[in-house]
Amino acid sequence: EVEVRLIEAGYDEELHGLLERGELDLAFVLESDDPAFERVHVLSDPYVLLAPTGSELAQRTRPIRPREIARLPLIGYRRADEGVEAFLRSRGLEPDIVFRSDEGGIVQGLVGAGIGYAVVPLLGVGESSEVVVLDVIGVPPRLITIAWHADRVPSPAARAFVEIVTGIGAEIAAGYAHE
């Protein structure tokens, strides 16, 4: 007796609006301190650098630092306030953005083709022989939560879903720790 409806949104503002209007019961959003929403932490998703397989950087064994990232030709998100680009600017580093896209497959394809590098959350990286995944140090992870409107009590089905999702998030985090 539970209807599951999936909605994809480009940015958290859209999901927050749907929660506020009661069009969604739950949404995966980035952590925030907005008092209009209750939330439960799901996963700390580390950022990684995607490099073309044949590049010199792809052979690197130590993690990449923010200052090194800012010197690379980067493929960034469509919005400059999303992801690592905003973090770099907050540290006084001006990234060299050569292309913008929010589509993970396009980003990975462009990196694989040697157009640039990309700093993306590990959870969104797909397997590719054209791209090497390198660890990043000094950049805070993306904090994923599951949220609902603070004025609404989640149904038993929604509470069960939150419990399942947090369990899966813990399993993913345990896998990250063993890599």
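Cut-offs and rules
- Residues numbered from 1 in each chain as written.
- Predicted model: local features only at pLDDT ≥ 70, side-chain atom pairs only at ≥ 80, totals over all residues.
- Heavy atoms only, no water.
- Phe/Tyr/Trp six-rings, centres within 6.5 Å; stacked < 30°, edge-to-face > 60°.
- Helix = DSSP H or I, 4+ residues; strand = E, 2+ residues; numbered from the N terminus.
- Buried < 20%, exposed > 50% of the residue type's maximum accessible area, 1.4 Å probe, protein only.
- Lys NZ or Arg CZ within 6 Å of the ring centre and 35° of its normal.
- Pairing = 2+ DSSP bridges.
- Axes fitted to C-alpha atoms, helices over the stretch in contact; angles between N-to-C directions.
- Contact = heavy atoms within 4.5 Å.
- Arc of directions from axis to C-beta.
- Salt bridge = Lys/Arg side-chain N within 4 Å of Asp/Glu carboxyl O.

Draft legend 1. Region of the structure containing the packing of aromatic side chains. Tallied over the full model, the rule gives 1 aromatic pair. On the basis of an interplanar angle of 65° and a centroid distance of 6.3 Å, the ring pair of Phe-28 and Phe-161 is categorised as edge-to-face. On the criterion of sequence distance, the pair formed by Phe-28 in strand β1 (residues 27–30) and Phe-161 in helix α5 (residues 156–177) is long-range, its members being 133 residues apart. Overall, the relative accessible area of 42% leaves Phe-28 in the partly exposed class. Looking at Phe-161, the relative accessible area reads 38%, which means it is partly exposed. Across from the ring centre of Tyr-11, 4.0 Å away, lies the NZ or CZ of Arg-79, which sits over that ring.

Draft legend 2. Here's a closer look at the sheet that holds strand β7 (residues 131–135). The strand order β6-β3-β7 describes an open sheet built from 3 strands, whose pairing is antiparallel. The two strands at the open ends of the sheet, each matched to only one other strand, are β6 (118–121) and β7. Taken pair by pair, the neighbouring strands of this sheet meet at an average axis angle of 40°, ignoring direction. Here helix α4 (residues 104–112) sits on the sheet and contacts β3 (47–52), β6 and β7; the angle it forms with β3, its principal contact strand, is near 45°.

Draft legend 3. Representation of helix α3 (residues 83–90) in the model. For α3, the complete set of buried residues consists of Val-84, Glu-85, Phe-87 and Leu-88. Across the axial projection of α3, the buried residues extend over an arc of 165°, all falling on one side. Considering only its buried residues, α3 is in contact with β3, α2 (66–70), β4 (73–76), β5 (96–100) and β6. Phi turns positive one or two residues past the end of α3, at Gly-92, with a value near 80°.

Draft legend 4. Spotlight on the pattern of salt bridges. The final tally for this structure, using the stated rule, is 10 salt bridges. Two residues, Glu-85 and Arg-100, come together in a salt bridge whose shortest N-O distance is 2.8 Å. Highlighted residues: Glu-85 in helix α3 and Arg-100 in strand β5, separated in sequence by 15 residues. A relative accessible area of 6% means that Glu-85 is categorised as buried. Among the charged side chains, a salt-bridge network with shared partners connects Glu-13, Arg-79, Asp-81 and Glu-82.

Draft legend 5. A look at the pairing of β3. In terms of residue burial, β3 counts as a mostly covered element, since 6 of its 6 residues are buried. Bridge count for β3 against β6 is 4 bridges, and the pairing is antiparallel. Paired with Leu-49 across the bridge in β6 is Val-119. The pairing of β3 with β7 spans 5 bridges and is classified as antiparallel.

Draft legend 6. Structural context of the sheet that holds β1. In space, the 3 strands of this open sheet follow the order β1-β8-β2, with antiparallel pairing throughout. Looking along the sheet, the strands with just one partner apiece sit at the ends: β1 and β2 (37–45). Within the sheet, the average angular offset between the axes of one strand and its neighbour, ignoring direction, is 35°. As paired elements, β1 and strand β8 (residues 142–149) share 4 bridges and run antiparallel to each other. Pairing of Leu-30 across the sheet is with Ile-144, part of β8. Its contacts with the sheet put helix α1 (residues 12–20) on β1, β2 and β8, and the angle it makes with β1 is roughly 135°.

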